[in-house]
Amino acid sequence: MKAIRINEFGGPEVMKIENIERPVPAPDEVLVEVYASGVNPVDAVIRQGENESLRSFLKLPMTLGWDAAGIVVETGSDVIFLKAGDHVYGVPNFPGDGSYAEYCVGKASQFAIKPQSLDFTQAAGVPLAALTAWTGVFGHGNLKPGQRIFIQGASGGVGGFAVQFAKAKGAYVIGMASTDNVEYVKQLGADEVIDYKKQQYEELLHDIDVVLEASPIRNNGERIKAISVLKEGGIFVSVNTDFPFNDELTEAAKIQDVKVSLAPNEPKQEWLAEMAELIDASKVQVLINKVFPLEEVAEAHRQIATWHVRGRLVLDVKS
Ligand SMILES: NC(=O)c1ccc[n+]([C@@H]2O[C@H](COP(=O)([O-])OP(=O)(O)OC[C@H]3O[C@@H](n4cnc5c(N)ncnc54)[C@H](OP(=O)(O)O)[C@@H]3O)[C@@H](O)[C@H]2O)c1
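Residues numbered from 1 in each chain as written. Predicted model: local features only at pLDDT ≥ 70, side-chain atom pairs only at ≥ 80, totals over all residues. Heavy atoms only, no water.

A. Just the site of the ligand, in detail. Contacts to the ligand come from 23 residues, most closely from S155, S178, Y196, N240 and H308. One nitrogen or oxygen atom from the side chain of N265 is found 3.2 Å from an oxygen atom belonging to the ligand. The fraction of the free accessible surface of the ligand (920 Å²) that becomes covered by protein chains is 87%. Taken together, the residues of the shell around the ligand sort by class into 11 nonpolar, 11 polar and 1 charged. (Near = heavy atom within 4 Å. Polar contact = N/O pair within 3.5 Å; in protein donor to acceptor, adjacent residues only side chain to side chain. Areas by Shrake-Rupley, 256 points an atom, 1.4 Å probe, with all protein chains shown as cover. Nonpolar A, V, L, I, M, F, W, Y, C, P; charged D, E, K, R; others polar.)

Pasting the structure below:
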């Protein structure tokens, strides 16, 4: 089968199309014929190999991509909830070979039936970013209807889903984005949008129940600023799990009586299924910015690495 592989870490040029053996599913896995694969900033971070906390998990050569939509062709002997022929979306195992390939394997528990209203290219833009948002907002943030959530990076892949999920579940949503994306985040359903180029959110916000850090900023001083807008008992959640909290931040959180939590995404089938329902009920939109053929993966990586893509980038593996 065809796959985009890296044999060394480096720039977009290290990605090559190769012919490799089709993977075989373990007893708890499904083999998926990939129709489309999402492209996420983390793919470029992994390709580059410079992130120490991720690098220790990675083995070369490897196939990139952790966002798949396609058709189940084989199931492991322990798999009961999915069968050959199912149209699914989900995340292949991490670490391990990914979805920039004609076939991928992943734990069946990390895949679910894709939203019926989406085609494969649209569905491939959902799983990783949406699961990260869901884990942060509900898993760690424990957001309840009527509560107020402040989402940093609200125009991004993770933040854009976080805005929509929080709104769909009845929260009051305040997003933050750059000037060009203020209207976009309002269209996603945010009740208020802060323009970080022109406004100081810490002077405007207070008594927030949950802050979600879904921007690429890695700075504990900025996090201390963010927890100052929380109410007593509020929760600061960061999806930037590769950047731990320092003592100063932990101390500030103790003094303000707020919780802080790092949220690695949890690829749960039941969450993927609930998201599919929200998408099919038109409560959550999936905006695809651009679909690239496999041969143009380097250009997709150049764009995703800017941290300013509005909407999702997708590789068309089999149209
Ligand atoms: N925990 C996990 O498992 C997991 C999984 C996936 C991603 N992540 C992390 O989640 C974060 C977001 O990822 P993503 O895929 O959503 O990225 P993305 O789609 O590139 O979105 C990043 C967003 O951050 C905003 N941003 C960029 N530069 C900024 C700055 N200097 N100040 C404030 N905001 C800025 C951008 O908004 P504007 O364009 O409006 O500036 C953009 O919408 C990343 O740090 C990523 O590493 C974690």
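Once you've had a look at it, read on.
B. Spotlight on the environment of F243. Counting through the fold element by element, F243 comes out in the loop between β13 (230–238) and α9 (247–256). With relative accessibility at 24%, the residue F243 sits in the partly exposed group. For the pair F243 and E213, spaced 30 residues apart in sequence, the C-alpha to C-alpha distance is 12 Å. Not counting the four nearest positions on each side in its chain, F243 is found in contact with R218, N219, N220, R223 and L262. (Helix = DSSP H or I, 4+ residues; strand = E, 2+ residues; numbered from the N terminus. Buried < 20%, exposed > 50% of the residue type's maximum accessible area, 1.4 Å probe, protein only. Contact = heavy atoms within 4.5 Å.)

C. Local environment of empty space enclosed by the protein. Under the definition given, this model contains 1 cavity of 30 Å³ or more. Size it by volume and the largest cavity reaches roughly 110 Å³. The element best represented in the lining of the largest cavity is helix α5 (residues 157–168), accounting for 4 residues. Taken together, the residues of the lining of the largest cavity break down into 5 nonpolar, 7 polar and 1 charged. Counting residues domain by domain, the lining of the largest cavity receives three or more from each of domain 1 (2–126 + 286–316) and domain 2 (129–262). (1 Å grid on protein atoms, 1.4 Å probe; cavity = no way out; pocket = protein on both sides within 12 Å on 5 of 7 lines; lining within 4 Å. Points joined across faces, edges and corners; volume = space filled by probe spheres on them. Domains from an automatic or database assignment.)

D. Summary view of the domain arrangement of the protein. When its domains are assigned, the protein resolves into domain 1 (2–126 + 286–316) and domain 2 (129–262). When each unit is reduced to the centre of its C-alpha atoms, the spacing between domain 1 and domain 2 is 27 Å. Listed per partner, the contact involves 14 residues of domain 1 and 12 residues of domain 2. Contact between domain 1 and domain 2 buries roughly 960 Å² in total, counting both sides, with carbon and sulfur atoms accounting for 56%. Three residues, V126, W307 and R310, lead the burial of domain 1 against domain 2; their summed loss comes to 45% of the area buried on that side. If you look at where domain 1 meets domain 2, you find 4 residue pairs in polar contact (both at pLDDT 80 or more). Classifying every residue of the side of domain 1 that touches domain 2 by side-chain character gives 6 nonpolar, 6 polar and 2 charged. (Buried area = accessible area lost by both parts, 1.4 Å probe.)

E. Spotlight on the packing of aromatic side chains. Applying the stated rule across the entire model yields 7 aromatic pairs. Site record: aromatic cluster; members linked through ring pairs are W134, F138, F161 and F165. We note R22 situated over the ring of Y103; from NZ or CZ to the ring centre the distance is 4.4 Å. Of note, K114 hangs over the ring of F120, and the distance from its end group to the ring centre comes to 5.2 Å. (Phe/Tyr/Trp six-rings, centres within 6.5 Å; stacked < 30°, edge-to-face > 60°. Lys NZ or Arg CZ within 6 Å of the ring centre and 35° of its normal.)

F. Spotlight on the sheet that holds strand β1 (residues 2–6). Strand order in the open sheet formed by 3 strands is β2-β1-β4, with antiparallel pairing between adjacent strands. Of all strands in the sheet, those with a lone pairing partner are β2 (15–19) and β4 (62–63), marking the two edges. Of the strand pairs in this sheet, β1 and β4 are connected by 2 bridges, and their pairing is antiparallel. In the strand pairing of β4, I6 is matched with M62. (Pairing = 2+ DSSP bridges.)

G. Local environment of the side chain of D86. Within the element layout of this structure, D86 appears in the loop between β5 (68–75) and β6 (87–90). A polar contact is formed between the side chain of D86 and the backbone nitrogen of K83, at a distance of 2.8 Å. Apart from residues no more than four positions distant in its own chain, D86 is found in contact with G70, I71, V72, F81 and I113.

H. The environment of T306, seen in detail. Structurally, the position occupied by T306 is in the loop between α11 (297–304) and β16 (312–316). Taking the C-alpha atoms as reference points, T306 and R5, 301 residues apart in sequence, are found 22 Å from one another. In this structure the side chain of T306 is engaged in a polar contact, spanning 2.7 Å, whose partner is the backbone oxygen of Q303. Within the structure, T306 has its side chain in polar contact with the backbone nitrogen of H308 (distance 3.2 Å).

I. Looking closely at the side chain of T63. Inspection of the secondary structure puts T63 in strand β4. Accessibility expressed as a relative area gives 1% for T63, which makes it buried. In terms of polar contacts, T63 uses its side chain to reach the side chain of R5, at 2.8 Å. Contact partners of T63, with chain neighbours within four places excluded, come to A3, I4, R5, I20, G96, D97, G98, Y100 and A101.

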